[in-house]
Amino acid sequence: MSLFPVSPDAVAGAAASLGTDPLTLADLLRVANTAGFDRWQDQVRRTGGCSDPIHLTGSTVTRDASTGQILYAYNTDNEPGGRLRVACGNRRASRCPSCAWTYAGDTYHLIRAGITGGKTVPTTVRDHPRVFATLTAPSFGPVHNRPAQGPCRCGTPHPQDDPALGTALDPVTYDYAGAVLWNNHAGDLWRRFTIYLRREIAARAGLTQAALKDQCRISFGKVAEFQKRGAIHFHAVIRFDGPDGPDTAPPPWATIALLDDAIRTAATRARVPVPAVGAFPARELAWGTQIDIQPIGALGHEELTETAVASYVAKYATKAAETTGTIDRRIGELSELDHQPHLPAHTRRLIEACWNLDHAYPDRMLARWAHMLGFRGHFSTKSRAYSTTLSALRQVRADYRARQERHEHGWSEDLDDAESSTLVLAHWTYAGHGHTPGESWLAANIAHEIRTNRDTAREALSELEALDGGDWDV
C-alpha cells in the first residue's frame, strides 16, 4: 500500500499544512515508516534536536577492574542505520540552534553561579563587590549609526533594522586593516588589561602585587560580542574575592568604587604593539573610549539584577561574526565570497583585509580566521576561581544520560556508584553527520518541543522562587 496521498495536489496540500515542501514530506513519511523510528526519535531527543548530529559506529564495554566482570556493554549494531547520533556541540546559532541554545544555557549557569553562588560556588559571593563591565574597540572611521539625538552623520535617520547601520560612511578612508588587526589581538589586549588591573588595584590598596595575593583575588567571567561594525567588544562580570577565592571574603578596602576606578585606568594603560611590516605601519592597539561599568545589584542599581546579567551574557555567547552578516565557516580562497550574494560590502572588505594582511603577519593566521573578521579568541572565558567550568557542566549532563541509558537496558544500578573501580573499553568510528530533509524537519520540531517545555518549566520555577523568596537552581 502506498504511504503517500494519491494525487500530487494532495501531496502539495499536505506539505503546505506542515510548512514544508513535497520532497521533504515524502522523506518525512519514509523516515516515520522505517523500522526503528521510535529509537531514532529517542536518539535525536537526546541530542536536544541537534540539526547536524555526528554519526558514530562502534561499541563500549564497562568491566569490573578487579574481576573482569562485564557490568555494561553497548554497540551500535541494533541502532537505526547501525549508527549512534550525538550532538554536534556547535555554539553558533546559525549552524545549530539546538546546540547553541544548550551552550547559552551552560554559559548562563556558569556566569550566574559566579554572581549568586551555586555549582560549587558559595552563596556568600553575593556579598562580594561585583561589577558588569563592557570594554569596546576604538574607532576605525565613522559608520552609519542611530545617535540619541538627530539623524546619522549621513543625514538619514536610520530605522533600527537598517542594514546600513555599522557600515563605513566612507569605505575609502575606513581603517579596515586596523579593524581586523584589533580583532585579531583582542584576546592579547584583554590579557594585558587583567595584568594592569591587578597592578592598579594593588596601587590603590597601598600594596605590592605579591602582598595583594595574600589579601584578595580578582575573578572574572566574560563573553565576546561582535558589534554591527564588525569589531569585537567584551562583556565581563568582575568580582573581588578573598585570598582563597570565592570561599573567603575580600578585605574591607575592596570596594566597588575602587574596582571601578582600577578598571578604567587599566583599560587606558593596556596596549598591544604591532610592528611595521612592509607597507603596513606600526600600530599600538588599545581599548576604545567607551567603557561602561555598572555595579550588580548594588543600592541604586537594582535594575541590573544578577539574573539579568547572566541572561545578557548568555545571549551573546552563541552569536559570532555571522551577526554582522558574514559567513560562519572558514573559506579557502577569496573567490568563495562571490558565492555569497547577501554578504554586505563592509563585511567583505573586512574579510579581504584579513587576506591582504596574512602574508605580512603569518603567525597571526588572519586568513584562517577571516570568516571571524580576524578574531581568533574564545567567545566565553573565565578566571580559574570565578565559578564552575563548561566542561564540568557538560560532564554532569553526559553522566546523567549515561545513567539513563544503563537503567533503560537493565544494567546494574551499582554501576553508578562504582565508576572509580571500573575499566571502560571503547572503540568509535566516525560515520558521517547530518540529517536527510525529512529527518531535519522532525529534528527541528523535536528541538522546538524540548525548548518550549524547558522554558515553561523555568517560568514556573521562577514564579515559585518569587513566591517563596528563595533561590531555585533553574
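Every value quoted in this text rests on a predicted model; they were computed, and no experiment measured them.

A.B. asks: Please provide a residue-by-residue account of a positive patch on the surface, values included.
C.D. replies: A cluster of basic residues, R198, K213, R217 and R384, forms a positive patch at the surface. Locating R198 in the fold gives a position in helix α5 (residues 176-205).

A.B. asks: Report on the packing of aromatic side chains, specifying residues and quantitative values.
C.D. replies: Across all of its chains, the model carries 13 aromatic pairs by this definition. Judged by centre distance (5.2 Å) and plane angle (70°), the rings of W190 and F220 are edge-to-face. Of the two residues, W190 is situated in helix α5 and F220 in strand β5 (residues 217-226); the sequence distance between them amounts to 30 residues. Of the two residues examined, W190 and F220, each falls in the buried class. Plain terms: the ring middles of F226 and F379 are 6.1 Å apart, the flat faces sit at 40° to each other, and that makes the pair tilted. Of the two residues, F226 sits in strand β5 while F379 sits in the loop between α9 (345-358) and β10 (380-382), which places them 153 residues apart along the sequence. Overall, F226 belongs to the buried group, its relative accessible area being 4%.

A.B. asks: Residue-level account of helix α4 (residues 97-116), with values.
C.D. replies: Compared with an ideal rise of 1.5 Å per residue, which puts 20 residues at 28 Å, α4 spans 28 Å between its outermost C-alpha atoms and is within 8% of the ideal. Burial of α4 is extensive: 18 of the 20 residues sit out of reach of the surface. Where α4 ends, the next residue or the one after it, G117, has phi of about 95°, a positive value.

A.B. asks: Explain the state of the cysteines residue by residue, including any values.
C.D. replies: By definition, a disulfide links the sulfur atoms of two cysteines through a covalent bond. Going through the model one piece at a time under the given rule, you end up with zero disulfides. Take C99: it sits in no disulfide, and the sulfur closest to it among the cysteines is that of C96, at 3.6 Å. Residue C99 is classed as buried on the basis of its relative accessible area of 6%.

A.B. asks: Which residues make up the environment of H346, and what values do they have?
C.D. replies: One can find H346 in helix α9. Residue H346 is classed as buried on the basis of its relative accessible area of 5%. Beyond its immediate sequence surroundings of up to four residues, H346 is in contact with G166, T167, A168, Y174, Y176 and R229.

A.B. asks: Give a description of the packing of α5 against α9 that names residues and reports values.
C.D. replies: Where α5 meets α9, the axes come as close as 9 Å, and the angle between the chain directions of the two elements is 75°. Taken together, α5 and α9 sit at an angle that is classed as roughly perpendicular. In this structure, α5 uses Y176, A177, A179, V180 and L181 to contact α9, whose residues at the interface are H346, R349, L350, A353, C354 and L357. The residue makeup of the contact of α5 with α9, split by class, is nine nonpolar, one polar and one charged.

A.B. asks: Hey, could you go over the pattern of salt bridges for me, with residue numbers and the actual values?
C.D. replies: Applying the stated criterion to the full structure yields 15 salt bridges. Taking the shortest distance from any N to any O, the salt bridge between D175 and R283 comes out at 2.9 Å. Residue D175 is located in the loop between β4 (130-135) and α5, and its partner R283 is located in strand β8 (residues 283-285); the two are separated by 108 residues in the primary sequence. Take R283: its relative accessible area is 22%, and that puts it in the partly exposed class. Linked through salt bridges whose partners overlap, the residues forming this network are R39, D42, R46 and E79.

A.B. asks: How would you sum up the environment of C216? Please name residues and give values.
C.D. replies: With respect to the secondary-structure elements, C216 resides in the loop between α6 (209-213) and β5. Beyond its immediate chain neighbours, meaning those up to four positions away, C216 contacts F240, D241, G242, P243, P251 and W253.

A.B. asks: Explain unusual backbone geometry to me, and be specific about the residues and the numbers.
C.D. replies: Even without glycine at this site, K119 takes up a positive phi of about 55°. One can find K119 in the loop between α4 and β4. The phi dihedral of T120 is positive, around 80°, even though this residue is not glycine. On the secondary structure map, T120 appears in the loop between α4 and β4.

A.B. asks: Break down the pairing of strand β6 (residues 232-241) for me, citing the residues and quoting the values.
C.D. replies: The element β6 is largely enclosed, with a buried count of 10 among its 10 residues. Sheet topology note: the β4/β6 ladder contains six bridges and is antiparallel. When the bridges of β6 are listed, L135 appears paired with F234. The sheet contact formed by β5 and β6 spans 10 bridges and is antiparallel. Bridged to A224 within β6 is F234. The hairpin turn running from β5 into β6, its antiparallel successor, is five residues long, and G230 in that turn takes a positive phi close to 90°.

A.B. asks: How would you explain the nonpolar core if you had to name every residue and give the values?
C.D. replies: Grouped together as the largest cluster of nonpolar side chains are 65 residues, with contacts concentrated most on W182, F193, L197, I201, I232, I238 and W287. Of all the secondary-structure elements, those providing two or more residues to this core are β4, α5, β5, β6, α7 (256-269), β7 (272-274), β9 (291-295) and α9. With 13 residues, the single largest contributor to this core is α5. Apart from residues lying up to four places away in sequence, W182 is in contact with T136, A137, P138, F140, L189, I232, L285, A286 and W287. Listed in part, the 16 residues of the second largest apolar core include L110, I115, A314 and L393.

The rules behind each value
Residues numbered from 1 in each chain as written. Predicted model: local features only at pLDDT ≥ 70, side-chain atom pairs only at ≥ 80, totals over all residues. Heavy atoms only, no water. Patch = residues over 30% accessible without salt bridge, like charges linked within 9 Å, V, L, I, M, F, W, Y side chains within 5 Å. Areas by Shrake-Rupley, 256 points an atom, 1.4 Å probe, with all protein chains shown as cover. Salt bridge = Lys/Arg side-chain N within 4 Å of Asp/Glu carboxyl O. Lys, Arg positive; Asp, Glu negative; His and termini not counted. Charge placed at Lys NZ, Arg CZ, Asp CG, Glu CD. Helix = DSSP H or I, 4+ residues; strand = E, 2+ residues; numbered from the N terminus. Phe/Tyr/Trp six-rings, centres within 6.5 Å; stacked < 30°, edge-to-face > 60°. Buried < 20%, exposed > 50% of the residue type's maximum accessible area, 1.4 Å probe, protein only. Expected span 1.5 Å × (residues − 1). Disulfide = S-S within 2.5 Å. Contact = heavy atoms within 4.5 Å. Axes fitted to C-alpha atoms, helices over the stretch in contact; angles between N-to-C directions. Parallel < 35°, antiparallel > 145°, perpendicular 65-115°, else oblique. Nonpolar A, V, L, I, M, F, W, Y, C, P; charged D, E, K, R; others polar. Pairing = 2+ DSSP bridges. Core = buried A, V, L, I, M, F, W, Y, C linked by side-chain atoms within 4.5 Å.

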